[in-house]
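Given next are the chains, with one letter for each unit.
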Amino acid sequence: LPLAIAMAVVGGGLRAVWQGLNVPDYRYQFLSQLLETLSRDAEPDARFYVKLVCSPATAKSKQLDTVADPRRRGWKIDRYHDDWLTLTGTFIDRTAFMLTLTESTLAKYGWKSSRSGKRKFKRKVKPKGIEILLELDFPRKRYGAIRMLQADVQQAIQLPADVQLKRLKISDRSFTLGIKASPRYLSADALHQLITQLYLNAYHVLNLARQLSKQTN
């Protein structure tokens, strides 16, 4: 469901748009918070573009594969990847960004025998975490010296202990950060805090690059 959202509808407007849709509460609550935060570093008339997928995390189209459960004989596991949010926009410094969120879910199922000998079919759905990808395309003149920091960027990025840095890519025009977080971040406040921290990390590196760019010009 692609939506072009003007900043004027942040907050209550988003809730009204999604009120009748099958979207977990934390998703639109978090998105409202995030848009409000990002708007502070954008032009007053800036627009952010959102693609929100409203279908269930275990929809057939999101299934990756089926594997045998290593702990329960005869049981199987369906693995799902839910690319439920893509958010793009441009900051006041002319840096364009794209944020992508992918939630991982497992569905375990099989037959289970009770003490009385009856067999019942069981299916358990469990979220496994979320992957977050932040891609920045910035003015080369302003931040192009970032390539000189390439060997030190990983040390400059500060993340919570239970969040893994999965992807790091740098050029003189772009900067990509990818992280993987546990299911405990699947709430509005926790997800907003984590992504805000990801943006702050990215701009910490860009500001270091800007200082180098000034020195070399």
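Coordinates for the structure precede this section.
Described below are features of the structure shown in this document. No experiment lies behind these values; they were computed from the predicted model shown. (Residues numbered from 1 in each chain as written. Predicted model: local features only at pLDDT ≥ 70, side-chain atom pairs only at ≥ 80, totals over all residues. Heavy atoms only, no water.)

Focus: the overall build of the protein chain
Here is step 1 of the chain: For the protein chain, the count of helices and strands is five helices and eight strands.
Here is step 2 of the chain: Secondary structure elements of the protein chain, listed N to C terminal, follow the sequence β-α-α-β-β-β-β-β-α-α-β-β-α.
Here is step 3 of the chain: Per-residue burial for the protein chain yields a buried fraction of 43% across its 217 residues.
Here is step 4 of the chain: Restricting to contacts in the protein chain with at least 6 residues of sequence separation, those with at least 24 account for 63%.
Here is step 5 of the chain: For the protein chain, the exposed area adds up to about 12,500 Å²; of that, 49% sits on carbon and sulfur atoms. (Helix = DSSP H or I, 4+ residues; strand = E, 2+ residues; numbered from the N terminus. Buried < 20%, exposed > 50% of the residue type's maximum accessible area, 1.4 Å probe, protein only. Contact = heavy atoms within 4.5 Å. Areas by Shrake-Rupley, 256 points an atom, 1.4 Å probe, with all protein chains shown as cover.)

Here's the deal with the pairing of strand E7 (residues 163–170)
Here is step 1 of the chain: Of the pairings in the sheet, the one linking E7 to strand E8 (residues 174–181) comprises seven bridges and is antiparallel in character. By the bridge assignment, Gln164 is partnered in E8 with Lys180.
Here is step 2 of the chain: Remark: three residues form the turn of the hairpin made by E7 and E8, two consecutive strands paired antiparallel. (Pairing = 2+ DSSP bridges.)

Details of unusual backbone geometry
Here is step 1 of the chain: With a phi angle near 70 degrees, Arg94 is a residue other than glycine that sits in the positive phi range.
Here is step 2 of the chain: Structurally, Arg94 is set in the loop between strand E4 (76–90) and strand E5 (96–113).
Here is step 3 of the chain: Relative accessible area serves as the criterion here: at 62%, Arg94 is assigned to the exposed category.

Focus on the nonpolar core
Here is step 1 of the chain: Counting 53 residues, the largest nonpolar core has Phe30, Trp84, Leu87, Leu101, Ile132 and Phe175 as its most contacted members.
Here is step 2 of the chain: Looking at this core, the element that brings in the most residues is helix H5 (residues 188–216), giving 13 residues.
Here is step 3 of the chain: Excluding residues within four positions of it along the chain, Phe175 makes contact with Leu134, Glu135, Leu136, Phe138, Ile146, Val153, Leu168, Lys169, Ile170, Ala202, Val205 and Leu206. (Core = buried A, V, L, I, M, F, W, Y, C linked by side-chain atoms within 4.5 Å.)

Re helix H2 (residues 25–39)
Here is step 1 of the chain: The terminal C-alpha atoms of H2, which comprises 15 residues, lie 22 Å apart, in line with the 21 Å expected from a rise of 1.5 Å per residue.
Here is step 2 of the chain: Within H2 the residues assigned to the buried category are Tyr26, Arg27, Tyr28, Phe30, Leu31, Ser32, Leu34, Leu35, Thr37 and Leu38. (Expected span 1.5 Å × (residues − 1).)

Examining the packing of aromatic side chains
Here is step 1 of the chain: Counting across every chain of the model gives eleven aromatic pairs.
Here is step 2 of the chain: Each ring, one from Phe30 and one from Trp84, has its centre 6.3 Å from the other, and the planes form 75 degrees; the classification is edge-to-face. Linking Phe30 in helix H2 with Trp84 in strand E4, this pair joins segments that are 54 residues apart in sequence. Trp84 shares its class with Phe30; the two are buried.
Here is step 3 of the chain: Here the aromatic rings of Phe48 and Phe97 are separated by 5.7 Å at their centres, their planes lie at 75 degrees, and the arrangement is edge-to-face. (Phe/Tyr/Trp six-rings, centres within 6.5 Å; stacked < 30°, edge-to-face > 60°.)

Some remarks on the pairing of strand E2 (residues 47–52)
Here is step 1 of the chain: Side chains Phe48, Val50 and Leu52 of E2 all project onto a buried face; the interleaved residues Arg47, Tyr49 and Lys51 project onto a face where none is buried.
Here is step 2 of the chain: As paired elements, E2 and E4 share four bridges and run antiparallel to each other. Within E4, the position partnered with Tyr49 by the bridge is Thr88.

Section: the environment of Leu208
Here is step 1 of the chain: Summarising the element assignment, Leu208 is placed in helix H5.
Here is step 2 of the chain: Accessibility expressed as a relative area gives 36% for Leu208, which makes it partly exposed.
Here is step 3 of the chain: For the pair Leu208 and Ala145, spaced 63 residues apart in the sequence, the C-alpha separation amounts to 8.8 Å.

So, the pattern of salt bridges
Close approach of charged atoms lets side chains of opposite charge pair.
Here is step 1 of the chain: Considering all chains together, one arrives at six salt bridges under this definition.
Here is step 2 of the chain: Between Arg27 and Asp82 there is a salt bridge, and its shortest N-O distance comes to 3.1 Å. With Arg27 in helix H2 and Asp82 in strand E4, this residue pair connects regions lying 55 residues apart in the sequence.
Here is step 3 of the chain: You can call Arg27 buried: its relative accessible area is 4%.
Here is step 4 of the chain: Judged by its relative accessible area of 0%, Asp82 falls in the buried class. (Salt bridge = Lys/Arg side-chain N within 4 Å of Asp/Glu carboxyl O.)

Quick word on the environment of Gly129
Here is step 1 of the chain: Along the chain, the position of Gly129 falls in strand E6 (residues 119–137).
Here is step 2 of the chain: Measuring from C-alpha to C-alpha, the distance between Gly129 and Lys180 comes to 7.2 Å, with 51 residues separating the pair along the chain.
Here is step 3 of the chain: Discounting residues that sit within four places of it in the chain, Gly129 has contacts with Thr102, Glu103, Ser104, Ala181, Ser182 and Pro183.

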